[in-house]
Amino acid sequence: MLIFKALASITAWIFFVGGCIAFLFTLIAWIATTNFTEINPAIVTSFLVVAVWLIAGVVVMRLRQKLE
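Let us look at the structure shown here.

The rules behind the values
Residues numbered from 1 in each chain as written. Predicted model: local features only at pLDDT ≥ 70, side-chain atom pairs only at ≥ 80, totals over all residues. Heavy atoms only, no water. Helix = DSSP H or I, 4+ residues; strand = E, 2+ residues; numbered from the N terminus. Rg over C-alpha atoms; globule rule 2.2 N^0.38 Å. Buried < 20%, exposed > 50% of the residue type's maximum accessible area, 1.4 Å probe, protein only. Contact = heavy atoms within 4.5 Å. Areas by Shrake-Rupley, 256 points an atom, 1.4 Å probe, with all protein chains shown as cover. Phe/Tyr/Trp six-rings, centres within 6.5 Å; stacked < 30°, edge-to-face > 60°.

**Observations concerning the overall build of the protein chain**
Then, in step 1: Scanning the protein chain from N- to C-terminus turns up 2 helices and 0 strands.
Then, in step 2: Over its C-alpha atoms the protein chain spans a radius of gyration of 15 Å, topping by over 25% the 11 Å that the globule rule assigns to 68 residues.
Then, in step 3: Taking the principal axes of its C-alpha atoms as reference, the protein chain extends roughly 50 × 15 × 10 Å.
Then, in step 4: Burial statistics for the protein chain: of 68 residues in total, 18% are counted as buried.
Then, in step 5: If you take every contact in the protein chain between residues at least 6 apart in sequence, the share linking residues at least 24 apart comes to 74%.
Then, in step 6: Per element, the accessible surface of the protein chain, about 5100 Å² overall, is 78% carbon and sulfur.

**Section: the environment of G19**
Then, in step 1: Residue placement: G19 occurs in helix α1 (residues 2–34).
Then, in step 2: As a C-alpha pair, G19 and I55 span 36 residues in sequence and 9.1 Å in three-dimensional space.
Then, in step 3: In this structure G19 touches I14, V50, W53 and L54, once residues within four positions along its chain are discounted.

**Observations concerning the packing of aromatic side chains**
Then, in step 1: Enumeration over the complete set of coordinates arrives at 4 aromatic pairs.
Then, in step 2: Ring plane angle 85° and centroid distance 6.0 Å describe the contact between W13 and F16, whose orientation is recorded as edge-to-face. Within this pair, W13 and its partner F16 are both found in helix α1, separated by 3 residues, close to a single helical turn.
Then, in step 3: Note on F15 and W53: the rings are 5.4 Å apart at their centroids and 90° apart in plane angle, and the pair reads as edge-to-face. In this pair, F15 is assigned in helix α1 and W53 in helix α2 (residues 41–66), connecting sequence segments 38 residues apart.
Then, in step 4: Note on W53: relative accessible area 35%, which makes it partly exposed.
Then, in step 5: Put simply, the rings of F23, W30 and F47 pair up and form one aromatic cluster.

Bear in mind that shape data such as this cannot, by itself, settle questions of function.
See the structure below:
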């Protein structure tokens, strides 16, 4: 059971850190391409993917807590 908790922790941190980094890169790309003047569908899709990554991190961490 200990190995599953460790794997869940690693997965949750990967989702969280990856989501934060992807959010920053997506924000920079949005600023660089549109200068906050328009909404690009590709950027909106990227923000949705980032949101899914962050939500997945929260879900995995909640599952890890239930393993205790």
